[in-house]
Amino acid sequence: MESSAYLSATAEAYDANVVRYAEFVREALNDLPLDRSILAAFAAFVQADGGGSVAELGCGPGQTTAHLRDLGLDAFGVDLSPKMIDYARAAYPELRFEVGSMDALDQADGELSGILSWYSIIHTPPAEVPSYFAEFRRVLAPGGHLLLGFFESEGEPVTMFDHKVTPAYRWPIDDLAALAREADFVEVGRMLREPGEDERFRRGHLLMRRR
C-alpha cells in the first residue's frame, strides 16, 4: 500500500471511531502500573536533562498527553485523525493539539526534548518504519528521549493482526531496537509486560536517547 493510501485509511478509520475509542482508552492507565512506571521514567529523563517541549505523536483523544502534563512535562499532541484532534481539544482545552503525520512533522530540526509514540507506529507498514525513526531523530535535540509503546510479537516475526480500528502490526522488541540504533538512537531501557486479563498480546516498551 502506498504511503498516502495507508495514512488516509488510518485517519479515516480513527475518524469513524472517535467516541468509542476515546471511551475505551480514557481510564486505561489507571489499571496499568507498569505502563505508568515507564511513562514516569521517560518524564524523569526529560526533566533531568532540563525539560523542554515534548510531543505525543499519535495522541488520539489526548488522555496520554494529559498524563504527560500531569507528570510535569510541557507536552502537546499530534495525530493524523482530524476528528481525534477535535475531540482532544474539547476534552483538554488547556493543552495544544495539532493534526499531522509522524513521518512529516511541522517541528524544526532539534526542536523537541522528548517524543512519546504510544501504540502509534503500530499501523505503519514495516517497510515505512525506518522513515519514522529518521523523522523522530530530526526533530529531537541531541540527547532527547524517545519512548515507544507497541504490541510485541512474542518470538514471532513482524505480524499483522486485526486491530479493532484498522489493521496493525506486532513487532519483535529486538527488531524495533535495531531499527532505532540504525537511526542513531541509544537504548536506555526496555520493558515487556504480559497481557492483562482483557488484553490479547504482550506489550513492549523501548526507552531511547538520540545521540
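Report follows, based on the coordinates. (Residues numbered from 1 in each chain as written. Predicted model: local features only at pLDDT ≥ 70, side-chain atom pairs only at ≥ 80, totals over all residues. Heavy atoms only, no water.)

Right, let's get into the packing of helix α2 (residues 18-25) against helix α5 (residues 82-91). Interaxial distance between α2 and α5 falls to 10 Å at its minimum, and their mutual angle equals 55°. Compared by their axis directions, α2 and α5 come out oblique. Along this stretch, α2 crosses α5, giving a crossing that reads as right-handed. Together, V18, Y21 and A22 of α2 and K83, M84 and Y87 of α5 make up the contact between the two elements. For the contact of α2 with α5, the residue count by class is five nonpolar, no polar and one charged. (Axes fitted to C-alpha atoms, helices over the stretch in contact; angles between N-to-C directions. Helix = DSSP H or I, 4+ residues; strand = E, 2+ residues; numbered from the N terminus. Parallel < 35°, antiparallel > 145°, perpendicular 65-115°, else oblique. Left-handed = near helix turned anticlockwise from the far one by under 90°. Contact = heavy atoms within 4.5 Å. Nonpolar A, V, L, I, M, F, W, Y, C, P; charged D, E, K, R; others polar.)

Another aspect to go through is the layout of surface pockets. Taken as a whole, the largest pocket holds about 1,300 Å³ of empty space. Surrounding the largest pocket, 50 residues form its lining, Y21, F24, V25, F151 and H163 being those nearest its centre. Taken together, the elements giving at least two residues each to the lining of the largest pocket come down to α1 (3-15), α2, α4 (63-70) and β2 (74-79). (1 Å grid on protein atoms, 1.4 Å probe; cavity = no way out; pocket = protein on both sides within 12 Å on 5 of 7 lines; lining within 4 Å. Points joined across faces, edges and corners; volume = space filled by probe spheres on them.)

Non-glycine residue Y119 carries a positive phi angle of around 60°. Residue Y119 is classed as buried on the basis of its relative accessible area of 14%. The backbone of E154 sits at a positive phi, close to 55°, despite the residue not being glycine. By secondary structure assignment, the location of E154 is in the loop between β5 (140-151) and β6 (159-161). When its relative accessible area of 33% is taken as the criterion, E154 is described as partly exposed. (Buried < 20%, exposed > 50% of the residue type's maximum accessible area, 1.4 Å probe, protein only.)

As enumerated under the stated definition, the model contains 16 salt bridges in all. With its nearest N and O atoms 2.9 Å apart, the salt bridge here joins E135 to R138. With a gap of three residues between them, E135 and R138 both fall in helix α6 (residues 129-139), about one helical turn apart. Its relative accessible area of 10% is what places E135 among the buried residues. (Salt bridge = Lys/Arg side-chain N within 4 Å of Asp/Glu carboxyl O.)

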